[in-house]
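Structure at a glance
In case you want the letters, here they are:
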Amino acid sequence: MDLMRCLLVSASTLSLLTIIYYLAIRQKTSIRIRRISLLFILIISVLLPFIKVESNVDFSFTFDTLFGTQITEQYSLTEDDLAHEIVPTVSLIGAKDSILSATASPEKIATPSSSNQPKIYWLLVLYGLGLCIVSGRFLIQLFYFFCAVFSHHNIRKDGHCFVLLHQPNYAATFLHYILISRNIWESKDKTLIVQHECIHANLKHSIDRFLTEIVCLFQWFNPFIYWFRKNLIEVHEYQVDQVLIDQGVDAIQYQQLIAKYASLSNQFAFSNHFSHSLTLNRIKMIAQNKSFQKHTAFRLFLLLPVIGLLFSFFSFQAPKTATNLPTGDGVTAPPIPEQVDFAGELLPMDNFDAKERFDRELIANCFRHSSTLLFLKKANRYFPIIEPILAQQGVPDDIKYLAVAESALSNATSPAGAKGFWQFMPQSAKERGLEVNAEVDERYHLEKATVAACQYLKEAYQQLGSWTLAAAAYNMGSLGLRKQLKKQGGTSYFDLDLNAETARYILRIMAIKTIMQAPETYGFQLSQKDLYPPMPRFKAITEKGNIPDLAAYAQKHHISYRMLKLYNPWLLDATLSNTQKRTYTIKIPIK
């Protein structure tokens, strides 16, 4: 639907603006202004489909309203499917009467626009077929052009490359290449024709033509693009004629030359050649000198209000939310990638049980909008801290998604007492060298806790030989997992029958990775400005003694007590006794 929308918007814009050009600009302005107008139209028709402005203003007549009215419906998935996941409001397209409110399972929700899908499919097939034909023709012409350049004698002069062809009565320009017949090159007409083609090259006309031909490929179905191209060709020829007359070329002689070579054909659509079947018009213009009169350029601004109307009609839309699903056609299942892996270990797609467990986690995280949005935002702040440590410790980069599954990138506390990004229990943290007491809890120290997690996972990997098993051991303990491996005789995580939490754990991590690597695919529309920026710069202060009053310490460094705790969440109390004379590094934000 996005492709069709872009094509329709681009074609409509070019068509309407070309009509305005023909009626209000073509006969009333100078050649230079005409060329600027046509290039402006071309650029606007290409860019407008990609400009989308979110607005809360109710525009009752826009492009999207022609295809249906947007309504919302609340629903919830079943308890068995999503483990009590409540799904927020989503968008349905195509309803015409009123806003519905209902509770239903996904398979019961209708998709009103689904009946249009076959029509859209065949339209796309037809468009693709036409695009292939015109593109093939264009590429063949381009191929023959460069064959002509490299297979014929070249003469380089004054920054141009003259290619002498055996074909009689031919002259054309593309970039700095000027293709010209030998019979013309050796005739008395050479000077004027070469001068004509050199002006084409100097004015960069071939760039205009090439861009127009590219748009022609994509808008092959639009008759106005060919009318636009004809107007552009006309402007190019008039502009060159004007330059030659201004340089003192005899008008009568030049008119006779145009008439003499009026039968020239152009085998390359993207090049400028000596005659484009505009012979009579050009002779009249030169004789009357009418086209070369410079009228007011203000008529160019007549395009602006039309562009403004087109902009408001095509570009304004309702603000995007994460509740808009990828297809926009009601409630649909999130797409399962053909290949999913964790730390290079693939999810076995031929194992229906593993695939369906992954699908469950994918659905759960796609429709748990608030928490998924939050960890997508937080990743921009915390992944740059975690990733270098993982690399230094020699563990796969995918381990960062384990922290997302454990704590959603927050200093969370579990009911069992696990804390921090990596959810260490007190005893496990102490075994890994983290300090845990009433005043200091380094489970909240992101850098130190990440190193401790890496150590645990590396040890588990050495014992188990698999990163999926190592991550599972992180969830249920290495001893417990080894017992299950021995009991069940398994070697792969996906073949083990484990407790409910660990059985979902790796699949949840894989689902989180899938969503975070392509959030737009799963309906999460976030721009860079939506993401949480890195913490502002800080300086590190080494403290070896005690700090009796952290509030006074914060004031001493010209920051608030809260800011001190935000940068150093491992400081639990209002004091730091440091009875064991440890060395601490405290972060102080720099204003």
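The structure displayed is predicted, hence computed values, not measured ones.

Notes on the overall build of the chain
Scanning the chain from terminus to terminus reveals 21 helices and 13 strands. In the chain, which comprises 591 residues, the proportion classed as buried is 47%. For the chain, contacts bridging at least 24 residues in sequence account for 68% of all contacts bridging at least 6. Accessible surface for the chain amounts to roughly 29,800 Å². Of this, 58% is attributable to carbon and sulfur atoms.

A look at the pattern of salt bridges
If the charged atoms of two oppositely charged side chains come close together, the side chains can form a pair. All chains considered together, the criterion is met by 17 salt bridges. With its nearest N and O atoms 2.5 Å apart, the salt bridge here joins E361 to R504. Highlighted residues: E361 in helix 12 (residues 352-367) and R504 in helix 19 (residues 500-517), separated in sequence by 143 residues. Residue classification places E361 among the buried positions, given a relative accessible area of 1%.

Re the packing of helix 12 against helix 19
Their axes nearest at 8 Å, the elements helix 12 and helix 19 cross at an angle of 55°. Judged by the inter-axis angle, helix 12 sits oblique to helix 19. For helix 12 against helix 19, the interelement crossing comes out right-handed. Seen from helix 12, the contacting residues are A354, R357, F358, R360, E361, L362, N365 and C366; seen from helix 19, they are A503, R504, L507, R508, M510, A511, I512, T514 and I515. Of the residues in the contact of helix 12 with helix 19, the class split is 10 nonpolar, two polar and five charged.

Thoughts on the packing of helix 6 (residues 190-202) against helix 9 (residues 251-260)
For any two helices packed against each other, the geometry comes down to the angle between their axes and how far apart the axes lie. Two elements in contact, helix 6 and helix 9, have axes whose closest approach is 11 Å; the angle formed by their N-to-C orientations is 85°. Looking at the two axes, helix 6 sits roughly perpendicular to helix 9. Contact with helix 6, carried on its side by L192, I193 and H196, involves Q253, Y254 and L257 of helix 9 and no other residues of that element.

What about the nonpolar core?
Membership of the largest hydrophobic core comes to 66 residues, with the highest contact counts inside it found for L409, W422, Y474, L481, M510 and M516. Going through the elements one at a time, helix 12, helix 13 (369-393), helix 14 (400-407), helix 16 (446-464), helix 17 (467-476), helix 18 (478-488) and helix 19 are the ones with two or more residues in this core. In contact with L409, not counting residues within four places along its chain, are F375, K378, A379, Y382, F383, I386, A403, V404 and F421. Ranked by size, the runner-up nonpolar core spans 25 residues in total, among them L17, I31, L310 and F314.

Section: the pairing of strand 4 (residues 153-157)
Of the strand pairs in this sheet, strand 4 and strand 5 (residues 160-165) are connected by five bridges, and their pairing is antiparallel. Among the inter-strand pairings, K157 is bridged to a residue of strand 5, identified as H160. Linking strand 4 back to strand 5 in an antiparallel pair, the connection comprises two residues, with D158 at a positive phi of about 55°.

Quick look at the confidence of the model for the chain
Fine structural detail should not be taken from predicted coordinates in areas where pLDDT scores are low. In this model, the chain carries a mean pLDDT of 83, and residues with pLDDT of at least 70 account for 80%. Taken as a whole, residues 65-115 scores under 50 in pLDDT and shows 93 contacts with residues more than four places along the chain or in a different chain. Low pLDDT, under 50, characterises residues 318-328; the stretch is placed with 29 contacts to residues that sit more than four places away or in other chains.

Description of helix 12
Taking 1.5 Å as the rise per residue, helix 12 with 16 residues should run 22 Å; its terminal C-alpha atoms sit 22 Å apart, in good agreement. Residues of helix 12 that are buried include every one of A354, R357, F358, E361, L362, I363, A364, N365, C366 and F367, and no others.

Considering the environment of E234
Among the secondary structure elements, E234 is positioned in helix 8 (residues 223-246). For E234, a relative accessible area of 5% translates into the label buried. Separated by 200 residues in sequence, E234 and R34 have C-alpha atoms that sit 10.0 Å apart. A distance of 2.7 Å separates polar atoms of two side chains, one belonging to E234 and the other to R26.

Some details on the side chain of D441
Mapped onto the fold, D441 is located in the loop between helix 15 (426-431) and helix 16. Overall, the relative accessible area of 2% leaves D441 in the buried class. One polar contact links D441 to R443, side chain to side chain, over a distance of 2.8 Å. The residues contacting D441, other than those within four sequence positions of it, are K419, E435, V436, W570 and L572.

A word on the packing of aromatic side chains
Counted by the stated rule, this structure contains 21 aromatic pairs. Geometrically, the ring pair formed by Y22 and W227 is tilted, given 4.8 Å between the ring centres and 50° between the ring planes. Here the residue Y22 occupies a position in helix 1 (residues 2-25), and W227 occupies one in helix 8, the gap between them amounting to 205 residues. On the basis of relative accessible area, Y22 is assigned to the partly exposed category, the value being 34%. Look at W227 and you get partly exposed, because its relative accessible area is 27%.

What about helix 17?
Taken across its 10 residues, helix 17 has nine buried, putting it largely inside the fold. Turning to helix 17, its buried residues are W467, T468, L469, A470, A471, A472, A473, Y474 and N475. Just downstream of helix 17 lies G477, where phi reads positive at about 100°.

A look at unusual backbone geometry
A positive phi angle, near 60°, is found at K204, a position not held by glycine. Relative to the helices and strands, K204 is located in the loop between helix 6 and helix 7 (205-218). Of note in the backbone geometry, N578 takes a positive phi value of approximately 55° without being a glycine. On the secondary structure map, N578 appears in the loop between helix 21 (561-567) and strand 13 (584-589).

A look at the environment of S37
Structurally, S37 can be placed in helix 2 (residues 31-47). Put simply, S37 and L232 are 195 residues apart on the chain and 9.9 Å apart in space, counted from C-alpha to C-alpha. Within the structure, the side chain of S37 is placed 2.8 Å from the backbone oxygen of I33, a separation counted as a polar contact.

Things to note about the environment of L434
Note that L434 resides in the loop between helix 15 and helix 16. Between the C-alpha atoms of L434 and K448, which are 14 residues apart in sequence, the distance is 7.4 Å. Residue contacts for L434: discarding those within four places in its chain leaves F424, A429, E442, R443, K448, A449 and A452.

Some points on a nonpolar patch on the surface
On the surface, I43, V46, L47, F50 and I51 cluster together into a nonpolar patch covering about 460 Å² of accessible area. You can see F50 is positioned in the loop between helix 2 and strand 1 (53-54).

Here is what the cut-offs are and how they apply
Residues numbered from 1 in each chain as written. Predicted model: local features only at pLDDT ≥ 70, side-chain atom pairs only at ≥ 80, totals over all residues. Heavy atoms only, no water. Helix = DSSP H or I, 4+ residues; strand = E, 2+ residues; numbered from the N terminus. Buried < 20%, exposed > 50% of the residue type's maximum accessible area, 1.4 Å probe, protein only. Contact = heavy atoms within 4.5 Å. Areas by Shrake-Rupley, 256 points an atom, 1.4 Å probe, with all protein chains shown as cover. Salt bridge = Lys/Arg side-chain N within 4 Å of Asp/Glu carboxyl O. Axes fitted to C-alpha atoms, helices over the stretch in contact; angles between N-to-C directions. Parallel < 35°, antiparallel > 145°, perpendicular 65-115°, else oblique. Left-handed = near helix turned anticlockwise from the far one by under 90°. Nonpolar A, V, L, I, M, F, W, Y, C, P; charged D, E, K, R; others polar. Core = buried A, V, L, I, M, F, W, Y, C linked by side-chain atoms within 4.5 Å. Pairing = 2+ DSSP bridges. pLDDT = per-residue confidence, 0-100. Expected span 1.5 Å × (residues − 1). Polar contact = N/O pair within 3.5 Å; in protein donor to acceptor, adjacent residues only side chain to side chain. Phe/Tyr/Trp six-rings, centres within 6.5 Å; stacked < 30°, edge-to-face > 60°. Patch = residues over 30% accessible without salt bridge, like charges linked within 9 Å, V, L, I, M, F, W, Y side chains within 5 Å.

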